[in-house]
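These are the residues of each chain, in order.
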Amino acid sequence: MTIPRMRTITGTIAEIKAIDPMTAVTPNCVRTLCKSGKIRCVFTEKKFLVDLDDLFKCFSGLHD
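Scope of this entry: the structure provided in the associated data block. (Residues numbered from 1 in each chain as written. Predicted model: local features only at pLDDT ≥ 70, side-chain atom pairs only at ≥ 80, totals over all residues. Heavy atoms only, no water.)

All chains considered together, the criterion is met by 1 aromatic pair. Considering the side-chain rings of Phe43 and Phe48, the 4.9 Å spacing of their centres and the 55° angle between planes classify their relative orientation as tilted. (Phe/Tyr/Trp six-rings, centres within 6.5 Å; stacked < 30°, edge-to-face > 60°.)

Structure (structure tokens):
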């Protein structure tokens, strides 16, 4: 069993920018994917925790 890499939306954007500094992905884009249920995430009382690997699968077209 592997532990998912969970990040806040801010942390998620930082990870993406480390890979692609000119990315067009915005915090609002990630938030919308969370709210629509297209990626796995957990909502705490104040913030989303995003499954980073699931987000990458979604962007690469490998998502179920």
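Once the structure has been displayed, the description carries forward.
With that out of the way, let us pick up the pairing of strand S3 (residues 48-51). Sheet topology note: the strand S1 (residues 6-8)/S3 ladder contains 3 bridges and is antiparallel. Among the inter-strand pairings, Thr8 is bridged to a residue of S3, identified as Leu49. Across 3 bridges, strand S2 (residues 41-43) lies against S3 in antiparallel orientation. Following the sheet pairing, Val42 is matched in S3 by Leu49. (Pairing = 2+ DSSP bridges. Helix = DSSP H or I, 4+ residues; strand = E, 2+ residues; numbered from the N terminus.)

For the rest of this paragraph, the subject is the side chain of Asp51. Note that Asp51 resides in strand S3. Excluding its chain neighbours within four sequence positions, the residues that come into contact with Asp51 are Pro4, Arg5, Met6 and Arg40. (Contact = heavy atoms within 4.5 Å.)

Right, let's talk about the sheet that holds S3 for a bit. Reading across from one edge, S1-S3-S2 is the order of the 3 strands in this open sheet, with antiparallel pairing throughout. Two strands lie at the open edges of the sheet, namely S1 and S2, each paired on one side alone. Adjacent strand axes in the sheet meet at a mean angle of 25°, parallel and antiparallel pairs treated alike. Where helix H1 (residues 9-19) meets the sheet, it contacts S1 and S3, and its direction lies at approximately 105° from that of S1. Those strands touched by helix H3 (residues 52-60) are S1 and S3, and its axis lies near 60° from that of S3. (Axes fitted to C-alpha atoms, helices over the stretch in contact; angles between N-to-C directions.)

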